[in-house]
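Below, each chain spelled out in residue letters.
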Amino acid sequence: MTERPAFGFETLQIHAGARPDPATGARQTPIYQTTGYVFRDADHAAALFNLQEVGYIYSRLTNPTVAVLQERIATLEGGVGAVCCSSGHAAQLMALFPLMAPGRNVVASTRLYGGTLTQFSQTIKRFGWSATFVDFDDTEAVKAAINDDTRAVFCESISNPGGYVTDIPAIAKIADAAGIPLIVDNTTATPYLCNPIAQGASLVVHSTTKYLTGNGTVTGGCVVDSGKFNWSANDKFPSLSEPEPAYHGLKFHETFGELAFTFHGIAIGLRDLGMTMNPQAAHYTLMGIETLSLRMQRHVENAREIAEWLEADPRVEYVTYAGLASSPYFDRAQKLYPKGAGALFTFAVKGGYDACVKLVDSLELFSHVANLGDTRSLIIHSASTTHRQLSEEQQIAAGAAPNVVRLSIGIETAADLIADLHQALAKATS
Ligand SMILES: *Cc1c(COP(=O)(O)O)cnc(C)c1O
């Protein structure tokens, strides 16, 4: 092999994981629309089922189209492996599943996607798991919240909806000292703006529904493993370090080394929880990722221009965008997210809750949608929708106060978006 420099992000977002189809030479990754795969013979089948040989068995576990996407995302994130699943929320459960057990807890940031707050504060209790929420700017509080039953620390890189940016290296240091993995939800930053693994995270989760697919077509999720966490350093992670009865006593960490978490995700997680991504969804997401860097550059450019325009507008109380010099997170964002602070932010409208509702109803180009990371610009009033299950105190802590709307800035012409906001603000505050 000739020596060559490592490929750049733009090359990898198109080529990583993909090669011409061995059967047909098809240049684009085919959609392998199949549930089963023919075994060569009975010995081959037995070896696959024993995890002695890697291959395709059944599409609940693995599928060649999904496998290309897994390798693509793992490469862009700088991980050793990835497991795709049916949604971002599925990915979060898949990330926690090998780590947790009844009585165990996860220490999580108060600034999370509303659905994640609900999943962590309510639903995971049914498994006997719990979450402790703390302000991740208060590193002493994060340390204090970790106890003997804590099995993971969880945060978002750029948090939805408040435009807050996490100091990942500082949080990673705390998780390392406690001998537990840091899981970072990198959905809103994408690997183009942020590499949590390079900043010390052990695991990364994504809602591929958002920027990775990029056009609001399919739901999906992904768990990426850095391969760096030592699951056998203490006795906290028996699913990975101890014999697995469902595979004749196989020890995942001892057998698969740095790929232990990924193999466990497929062989136990997808096998038994069944939160599988289908090959059609993987196809749409692969198409989206090919243009990720171009879209993110434009998303960020538009977001900055619109945030600046809003901040200067007398009908607006404040704008929370870490790309603005007025943001308390500006310096952190410049340092840790140098390519931009994302394209998701909130602003407070003078006139409170009622003005927000009127604004949302008056916009013509922006869509009122509970999604983000689309090519088209979206708006939502979090307090009356995504965050309505939360108390007002939790809403404010999550950056979703009643007088605040969230924008997900698309890649349209910025002047058109500003004109739309201008006319709708006039109606909302008249
Ligand atoms: C949307 C989202 C999720 C949940 O993903 P789904 O694909 O909707 O299940 C999790 N985290 C963040 C930051 C999100 O934006």
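What counts as what
- Residues numbered from 1 in each chain as written.
- Predicted model: local features only at pLDDT ≥ 70, side-chain atom pairs only at ≥ 80, totals over all residues.
- Heavy atoms only, no water.
- Pairing = 2+ DSSP bridges.
- Helix = DSSP H or I, 4+ residues; strand = E, 2+ residues; numbered from the N terminus.
- Right-handed = clockwise from strand over helix to strand, strands pointing away.
- Buried < 20%, exposed > 50% of the residue type's maximum accessible area, 1.4 Å probe, protein only.
- Salt bridge = Lys/Arg side-chain N within 4 Å of Asp/Glu carboxyl O.
- Domains from an automatic or database assignment.
- Contact = heavy atoms within 4.5 Å.
- Buried area = accessible area lost by both parts, 1.4 Å probe.
- Polar contact = N/O pair within 3.5 Å; in protein donor to acceptor, adjacent residues only side chain to side chain.
- Nonpolar A, V, L, I, M, F, W, Y, C, P; charged D, E, K, R; others polar.
- Near = heavy atom within 4 Å.
- Areas by Shrake-Rupley, 256 points an atom, 1.4 Å probe, with all protein chains shown as cover.
- Disulfide = S-S within 2.5 Å.
- Axes fitted to C-alpha atoms, helices over the stretch in contact; angles between N-to-C directions.

What should I look at first to understand the pairing of strand E3 (residues 130-134) in this one?
Every regular strand shows the same layout, with side chains that alternate between the two sheet faces. Two elements, strand E2 (residues 105-109) and E3, share five bridges in a ladder whose sense is parallel. Residue pairing for E3: Ala108 is matched across the bridge by Phe133. Each parallel crossover has a hand, and for E2 linked through helix H5 (residues 114-121) to E3 it is right-handed.

What exactly am I supposed to notice about the side chain of His44 here?
Within the secondary structure layout, His44 lies in helix H2 (residues 42-49). Classification of His44 as buried rests on a relative accessible area of 11%.

Just to check I follow, could you spell out the pattern of salt bridges for this structure?
Two side chains carrying opposite charge are able to pair once their charged atoms lie near each other. Across all of its chains, the model carries eleven salt bridges by this definition. The salt bridge involving Glu71 is made with Arg19; its shortest N-O contact spans 3.9 Å. Linking Glu71 in helix H3 (residues 64-77) with Arg19 in the loop between helix H1 (9-15) and H2, this pair joins segments that are 52 residues apart in sequence. Linked by salt bridges that have partners in common, Arg111, Asp135, Asp137 and Arg332 make up one network.

Is there a simple way to explain the domain arrangement of the chain in this structure?
Frequently, the measure chosen for interface size is the accessible area removed from exposure when the parts meet. As far as domains go, the chain holds domain 1 (9-288) and domain 2 (293-428). A C-alpha centroid distance of 29 Å is found between domain 1 and domain 2. Every contact between the two is made by 39 residues of domain 1 and, on the other side, 38 residues of domain 2. Summing both sides of the interface, domain 1 and domain 2 together bury roughly 3100 Å²; the carbon and sulfur share of this comes to 56%. When the area that domain 1 buries against domain 2 is broken down by residue, the three leading residues are Pro161, Tyr192 and Tyr211, summing to 25%. Remark: the boundary between domain 1 and domain 2 carries one salt bridge. Arg332 is the salt-bridge partner of Asp137, the closest N and O atoms lying 2.9 Å from each other. Our count for the contact surface shared by domain 1 and domain 2 stands at twelve residue pairs in polar contact (both at pLDDT 80 or more). Those elements that place two or more of their residues in the side of domain 1 that touches domain 2 are H1, H5, strand E6 (164-165), helix H7 (168-178) and helix H8 (190-193). For the side of domain 1 that touches domain 2, the per-class residue count stands at 16 nonpolar, 18 polar and five charged.

How should I be thinking about the site of the ligand in this particular structure?
As a matter of local geometry, the ligand sits amid 15 residues, with Gly88, Asp185, Ser207, Thr209 and Lys210 nearest to it. Here an oxygen atom of the ligand and a side-chain polar atom of Ser207 are 2.8 Å apart. Here Lys210 contributes a side-chain N or O atom positioned 2.7 Å from an oxygen atom of the ligand. Contact with the protein chains hides 92% of the accessible area of the ligand, taken as 380 Å² for the molecule alone. Of the residues forming the shell around the ligand, the biggest block, three residues, is contributed by helix H4 (residues 88-96). The residue makeup of the shell around the ligand, split by class, is two nonpolar, ten polar and three charged.

How do you make sense of the environment of Ala397 when you look at a structure like this?
Turning to its location among the elements, Ala397 is positioned in helix H16 (residues 392-397). Among the residues examined, Ala397 registers a relative accessible area of 38% and is labelled partly exposed. Residues Ala397 and Arg19, 378 residues apart in the sequence, show an inter-C-alpha distance of 46 Å. Non-local contacts of Ala397, meaning those with residues more than four positions away in its chain, are made with Thr110 and Arg111.

Just to check I follow, could you spell out the state of the cysteines for this structure?
Each disulfide is one covalent bond, formed between the sulfur atoms of two cysteines. With the rule as written, the count across this model stands at zero disulfides. No disulfide involves Cys155; its nearest neighbouring cysteine sulfur is the one of Cys194, lying 9.2 Å away. Overall, Cys155 belongs to the buried group, its relative accessible area being 0%. Free cysteine Cys222: the closest other cysteine sulfur is in Cys84, separated by 3.9 Å.

What is the right way to look at the sheet that holds strand E12 (residues 316-320) in this model?
Pairing between the strands of a sheet comes from backbone hydrogen bonds, and it takes one of two forms, parallel or antiparallel. Taken in spatial order, the five strands of this open sheet run E12-E13-E16-E15-E14, and their pairing is mixed. Strand pairing shows two members of the sheet lacking a second neighbour, E12 and strand E14 (367-368), which therefore form its edges. Contacts between helix H15 (residues 352-362) and the sheet are confined to strand E13 (344-349), E14, strand E15 (378-380) and strand E16 (404-408), with E13 contributing the most and set at about 125 degrees to the helix.

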